[in-house]
Amino acid sequence: MKRIGVLTGGGDAAGMNAAIRSVVRTGWTAGVEMIGIQRGWLGLAEGDAAPLASGSVSGIIQRGGTILRTLRYPAFATDEGTAPVAKSLKKLKLDGLVVIGGDGSFRGGDKLEREFNLPVVGVPATIDNDIPGTDISIGFDTALNIAIDAVDKIRDTATSHGRIFVIEVMGREYGLLAAHVAVATGAEEALLPEFPFDLDAVCRRIEAGYDRGKKHALIIVAEGAGKASYITYEIKNRLQRQVRMVVLGHVQRGGSPSGYDRNLASRLGYHATELLLQGKHGMMVGIQANRLTTSALRKRTKISIAPVERAAELQRALA
Ligand code: F6P
């Protein structure tokens, strides 16, 4: 292996920079030329790439976002979107590629493997933690802690005013992030897409809580469970109490990565590059039971049962 590329795809996640650093340093130490590709698949299609020396990744382990930038590029799945990538790959003369991102990015990586014979290894990074083959993805822990910090602050004002707060947490169609936030903040309710909920029952429980002397109610809503604005409106109508809504949104994606994410990203970045150097590819690295693992890039199922089970377990822990 003489030249290895690295790119970030999909939504950014805190810790992506730590992963880039680890990939570049591992390759560099082995005497490989490392190439940073900007803006994911689109950057690859446009040949927007430059060598990354060891020093060029200094001082980024603590930075949020991704120095390589990222974007969603669904056109890559089509023949039209793929054609410029083929051209660009010839020019770049890459012997391997590390893709840091989520499932969409890994589907793209698999396409490169199959259609262009390019060795690819994936590194899971998304705040949603919805990637089969790893217990946790880069960015989840930081997003969780950002949300916890926000909810703790909301709790203060909720208690002062005796209010109900509906707080929307990201996670796309999965509720794992919201479930973790709810348990860690001691929220009264968690509304998750994995489990049907009944707003009348939610309201009855909240009212019973006030009867027992509770001073507020915090309702964590996963964005995939329904519109927070609708839920807020319905609860207000049913209970005739003061209800406020907070959508945490992209705040959860930014900021300095947690210590956990920096370590995770460093381990996974190292593991991915080592595999490529050993001629192993077509896989995603992961961490399972605190062990570095691999799983096939190909035929990735949408979601494994594990996150759903964990969400259920967490929801039970709320009671
Ligand atoms: O996949 C990460 C994520 O932050 C999801 O939680 C959210 O639904 C989505 O990305 C938002 O995407 P965008 O940044 O494109 O608005």
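Everything quoted here is computed from the prediction, not taken from an experiment. (Residues numbered from 1 in each chain as written. Predicted model: local features only at pLDDT ≥ 70, side-chain atom pairs only at ≥ 80, totals over all residues. Heavy atoms only, no water.)

Further remarks concern the overall build of the chain. Of regular secondary structure, the chain possesses ten helices and eleven strands. Relative to a compact globule of 319 residues, whose C-alpha radius of gyration would be 20 Å, the chain shows 22 Å and is just as compact. Partitioning the contacts of the chain with sequence separation of at least 6, the portion at a separation of at least 24 is 75%. Of the roughly 13800 Å² that the chain leaves accessible, carbon and sulfur atoms contribute 51%. If you average the places of the 40 positive and of the 33 negative side-chain charges in the chain, the two averages end up 4 Å apart. (Helix = DSSP H or I, 4+ residues; strand = E, 2+ residues; numbered from the N terminus. Rg over C-alpha atoms; globule rule 2.2 N^0.38 Å. Contact = heavy atoms within 4.5 Å. Areas by Shrake-Rupley, 256 points an atom, 1.4 Å probe, with all protein chains shown as cover. Lys, Arg positive; Asp, Glu negative; His and termini not counted. Charge placed at Lys NZ, Arg CZ, Asp CG, Glu CD.)

Further remarks concern helix 9 (residues 259–277). The periodicity of an α-helix, 3.6 residues per turn, causes residues three or four places apart in sequence to face the same way. The end-to-end C-alpha separation of helix 9 is 27 Å, in line with the 27 Å expected for 19 residues at 1.5 Å each. By the burial criterion, the buried members of helix 9 are Asp-261, Leu-264, Ala-265, Leu-268, Gly-269, His-271, Ala-272, Thr-273, Leu-275 and Leu-276. (Expected span 1.5 Å × (residues − 1). Buried < 20%, exposed > 50% of the residue type's maximum accessible area, 1.4 Å probe, protein only.)

What follows covers the sheet that holds strand 2 (residues 33–37). Pairing within the open sheet is mixed, and its seven strands lie in the order 3-2-1-4-5-10-11. Looking at the sheet topology across the chains shown, the edges are occupied by strand 3 (49–51) and strand 11 (291–296). Geometrically, the sheet is characterised by an average inter-axis angle of 25 degrees between neighbouring strands, direction not taken into account. Summarising the sheet, strand 10 (residues 283–288) and strand 11 pair through six bridges and their orientation is antiparallel. Opposite Gln-288, over in strand 11, you have Arg-291 as the bridge partner. Sitting on the sheet, helix 1 (residues 16–29) is in contact with strand 1 (3–8), strand 2 and strand 4 (96–101), with an inclination near 165 degrees to strand 4. (Pairing = 2+ DSSP bridges. Axes fitted to C-alpha atoms, helices over the stretch in contact; angles between N-to-C directions.)

The next subject is the pairing of strand 4. For strand 4, the buried fraction is high: six of the six residues fall into the buried class. A two-sided burial pattern is seen for strand 4, the buried positions comprising Gly-96, Val-98 and Ile-100 on one face and Leu-97, Val-99 and Gly-101 on the other. As paired strands, strand 1 and strand 4 are joined by five bridges and run parallel to one another. Directly across from Leu-7, in strand 4, lies its bridge partner Val-99. Examined bridge by bridge, strand 4 and strand 5 (residues 120–124) share five bridges and lie parallel to one another. For Leu-97, the partnering residue across the bridge sits in strand 5 and is Val-120. In this region the chain leaves strand 4, passes through helix 4 (residues 103–116) and returns to the parallel neighbour strand 5; the handedness of that crossover is right-handed. (Right-handed = clockwise from strand over helix to strand, strands pointing away.)

The next subject is the site of the ligand. All residues adjacent to the ligand are Arg-72, Thr-126, Ile-127, Asp-128, Met-170, Gly-171, Arg-172, Glu-223, His-250 and Arg-253. The contact in question runs from an oxygen atom of the ligand to an N or O atom on the side chain of Arg-172, over 3.2 Å. Residue Glu-223 places a side-chain N or O atom 2.5 Å away from an oxygen atom belonging to the ligand. With the chains in place, 75% of the 390 Å² that the ligand exposes on its own is no longer accessible. Of the residues contributing to the shell around the ligand, the split by class is two nonpolar, three polar and five charged. Looking at which domains feed residues into the shell around the ligand, each of domain 1 (3–139 + 257–300) and domain 2 (144–253) gives three or more. (Near = heavy atom within 4 Å. Polar contact = N/O pair within 3.5 Å; in protein donor to acceptor, adjacent residues only side chain to side chain. Nonpolar A, V, L, I, M, F, W, Y, C, P; charged D, E, K, R; others polar. Domains from an automatic or database assignment.)

Once that is clear, we can look at the nonpolar core. In terms of nonpolar packing, the biggest core is built from 75 residues, with Val-98, Ile-100, Ile-164, Ile-219, Ile-220 and Ile-235 touching the most fellow members. Looking at which domains feed residues into this core, each of domain 1 (3–139 + 257–300) and domain 2 (144–253) supplies at least three. In this structure, Ile-37, Tyr-73, Phe-106 and Leu-118 belong to the second largest nonpolar core, which totals 22 residues. (Core = buried A, V, L, I, M, F, W, Y, C linked by side-chain atoms within 4.5 Å.)

If you check the domain split of the chain, you get domain 1 (3–139 + 257–300) and domain 2 (144–253). The gap between the C-alpha centroids of domain 1 and domain 2 is 35 Å. Listed per partner, the contact involves nine residues of domain 1 and eight residues of domain 2. Contact between domain 1 and domain 2 buries roughly 820 Å² in total, counting both sides, with carbon and sulfur atoms accounting for 46%. In this structure, the connection of domain 1 to domain 2 is made through two salt bridges. The residue Arg-172 makes a salt bridge to Asp-128 at a minimum N-O spacing of 3.8 Å. (Buried area = accessible area lost by both parts, 1.4 Å probe. Salt bridge = Lys/Arg side-chain N within 4 Å of Asp/Glu carboxyl O.)

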